[in-house]
Protein chains: 2
Amino acid sequence: MGRTRNTAQRQAIAKRLEELSSFVSAQQLHDDLAKSGSKIGLATVYRTLQVLLDEGEVDVLRTDSELLYRSCDSTEHHHHLVCRICGRTVEVAGPQIEAWARQVAAEADFIDVEHTLELMGTCSTCAGGRKGV
Amino acid sequence: MGRTRNTAQRQAIAKRLEELSSFVSAQQLHDDLAKSGSKIGLATVYRTLQVLLDEGEVDVLRTDSELLYRSCDSTEHHHHLVCRICGRTVEVAGPQIEAWARQVAAEADFIDVEHTLELMGTCSTCAGGRKGV
DNA sequence: TTGGGTGCAAATGATTTGCAACATC
DNA sequence: GATGTTGCAAATCATTTGCACCCAA
């Protein structure tokens, strides 16, 4: 059936994504690559991100208008705490959440329950001296 | 400044949304209304849903490609367990989740943390006799 | 050689918006 | 009568796709 090929474009995209280490949109990544002299097309960026996603190499995050991608640290199930200002991201595991989800599903008599959970906040650096609530 | 007006369209949209009591897209709602002989325009449906959302009258849910709206039962903070087949929805409160989120935020030194959480599964009716995992 | 990849431009599809005609307060 | 509303069509915008050419295996 054919496997995925190791092209220069794919390498460049994966590499840049790791360097950035924060969530970026396909368009941002494309612009960023273009600034470095890359001639990779926008469609290729979209297609490659989709492939990397399928392979579990990246995480996705959905904002109001677009999808953001980030090179994935852990391949295990996890969630994100993202700074709404600088994009700094902390990966968080939530065993309690998984347990809670299972319990809720059982009580409501639902099966095959999946969940999506994202945390959005302001990191200490971006918050300056302000203290939390 | 001006307040929102109580037009026939708005009433029809809010009414139908309550009757449906499950998550529907703006387009589905528009089609549904059209089948009942309504001549309400699609743009009006979109605009009205946005208004209802601002007023806290409806909840939104984001799927891969579109936004789904549902008339809101409780005005308090809550999450949803939605059947991926029939759309039946159970509102669930998650005090444990809120506590967990606060703790995670504190540990990572983030402030003003918000979260989004949705549960998606198959309800007993749609699952037929199949038993869960 | 051979099918996956790529670039480009055109196509999608959900949502938004400009504008003139309306309707509510 | 003033101003929020509506309908329609045109405009957005992120993302997808058709296609001919290219290249890794």
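Chain A is annotated in an unreviewed UniProt entry as Transcriptional repressor of Peptidiphaga gingivicola. Quoted verbatim from the Subunit (unreviewed entry) heading of the UniProt record, the comment on chain A is "Homodimer." If you open the UniProt record of chain A and go to Subcellular location (unreviewed entry), you find "Cytoplasm".

A. Expanded view of the protein's contact with DNA strand D. What surrounds DNA strand D is a group of 23 residues, the closest being A:Tyr46, A:Leu67, B:Arg5, B:Thr44 and B:Arg47. Within 4 Å of the protein, the contacting atoms of DNA strand D are 64% sugar and phosphate, with bases supplying the remainder. Between DNA strand D and the protein, one listed contact pairs a phosphate oxygen with a side-chain N or O atom of B:Thr7 at 2.9 Å. For DNA strand D, a phosphate oxygen lies 2.8 Å from a polar atom in the backbone of B:Gly41. For the surface near DNA strand D, the secondary-structure elements that each account for two or more residues are α3 (42–54) of chain A together with α1 (8–20) and α3 (42–54) of chain B. Looking at the surface near DNA strand D residue by residue, the class counts come to 6 nonpolar, 9 polar and 8 charged.

B. Spatial organisation of the interface of chain B and chain A. Every contact between the two is made by 40 residues of chain B and, on the other side, 40 residues of chain A. Across the chain B to chain A interface the summed buried area is about 3300 Å²; carbon plus sulfur atoms make up 63%. If you look at where chain B meets chain A, you find 4 salt bridges. A salt bridge links B:Arg84 to A:Glu114; the nearest nitrogen and oxygen atoms lie 3.6 Å apart. Our count for the chain B to chain A interface comes out at 12 residue pairs in polar contact (both at pLDDT 80 or more). Listing elements by their share of the side of chain B that touches chain A, those giving two or more residues are β4 (79–83), β5 (89–92), α4 (95–108), β6 (110–123) and α5 (124–127) of chain B. A total of 14 residues in the side of chain B that touches chain A trace back to one element, the largest contributor, which is β6(B). Residues belonging to the side of chain B that touches chain A are distributed by class as follows: 21 nonpolar, 9 polar and 10 charged.

C. Geometry of the pattern of salt bridges. All names here are of chain A. If you walk through the whole model with that rule in mind, you get 14 salt bridges over all chains. Glutamate 19 is the salt-bridge partner of arginine 16, the closest N and O atoms lying 2.6 Å from each other. Here glutamate 19 and arginine 16 lie together in helix α1 (residues 8–20), a separation of 3 residues that amounts to about one turn. We classify glutamate 19 as partly exposed; its relative accessible area is 44%. For arginine 70, the salt bridge goes to glutamate 91, with nearest N and O atoms at 3.1 Å. With arginine 70 in strand β3 (residues 67–71) and glutamate 91 in strand β5 (residues 89–92), the pair connects residues that are 21 residues apart, well separated along the chain. Overall, arginine 70 belongs to the buried group, its relative accessible area being 5%. Where salt bridges share partners, they join Lys15, Arg16, Glu19 and Asp32 into one cluster.

D. Geometry of the UniProt feature "binding site: Fe cation" (unreviewed entry) in chain A. Residues and elements named next belong to chain A. The residues that UniProt annotates with the feature "binding site: Fe cation" (unreviewed entry) are His77, Glu98 and His115. Separation in sequence by 39 residues is not matched in space for these annotated residues, since their most distant C-alpha atoms are only 10.7 Å apart. Tracing the backbone through its elements, the reader meets histidine 77 in the loop between β3 and β4 (79–83). Discounting chain neighbours no more than four positions away, the residues touching histidine 77 are Glu98 and His115. A distance of 3.4 Å separates polar atoms of two side chains, one belonging to histidine 77 and the other to histidine 79. Here glutamate 98 shows up in helix α4 (residues 95–108). Ignoring anything within four residues of it in the chain, the contact list for glutamate 98 reads His77, His79 and His115.

E. Broad picture of the domain arrangement of chain A. All names here are of chain A. In terms of domains, chain A is made up of domain 1 (8–71) and domain 2 (79–121). Placing a centre on the C-alpha atoms of domain 1 and another on those of domain 2 gives a separation of 24 Å. On the side of domain 2, 6 residues touch domain 1, which itself brings 6 residues to the contact. Where domain 1 abuts domain 2, roughly 500 Å² becomes buried across the two surfaces, and 57% of that area is made up of carbon and sulfur atoms. When the area that domain 1 buries against domain 2 is broken down by residue, the three leading residues are Phe23, Leu61 and Arg70, summing to 69%. The tally of links from domain 1 across to domain 2 stands at 1 salt bridge. Taken together, the links from domain 1 to domain 2 amount to 2 residue pairs in polar contact (both at pLDDT 80 or more). Counting residues per element, the side of domain 1 that touches domain 2 draws most heavily on strand β2 (residues 58–62), which supplies 3 residues. Its residues assigned to classes, the side of domain 1 that touches domain 2 comprises 3 nonpolar, 1 polar and 2 charged.

Procedures and definitions
- Residues numbered from 1 in each chain as written.
- Chains lettered and ligands numbered in written order.
- Predicted model: local features only at pLDDT ≥ 70, side-chain atom pairs only at ≥ 80, totals over all residues.
- Heavy atoms only, no water.
- UniProt positions renumbered as here; feature names shortened; annotations may be inferred.
- Near = heavy atom within 4 Å.
- Polar contact = N/O pair within 3.5 Å; in protein donor to acceptor, adjacent residues only side chain to side chain.
- Helix = DSSP H or I, 4+ residues; strand = E, 2+ residues; numbered from the N terminus.
- Nonpolar A, V, L, I, M, F, W, Y, C, P; charged D, E, K, R; others polar.
- Contact = heavy atoms within 4.5 Å.
- Buried area = accessible area lost by both parts, 1.4 Å probe.
- Salt bridge = Lys/Arg side-chain N within 4 Å of Asp/Glu carboxyl O.
- Buried < 20%, exposed > 50% of the residue type's maximum accessible area, 1.4 Å probe, protein only.
- Domains from an automatic or database assignment.

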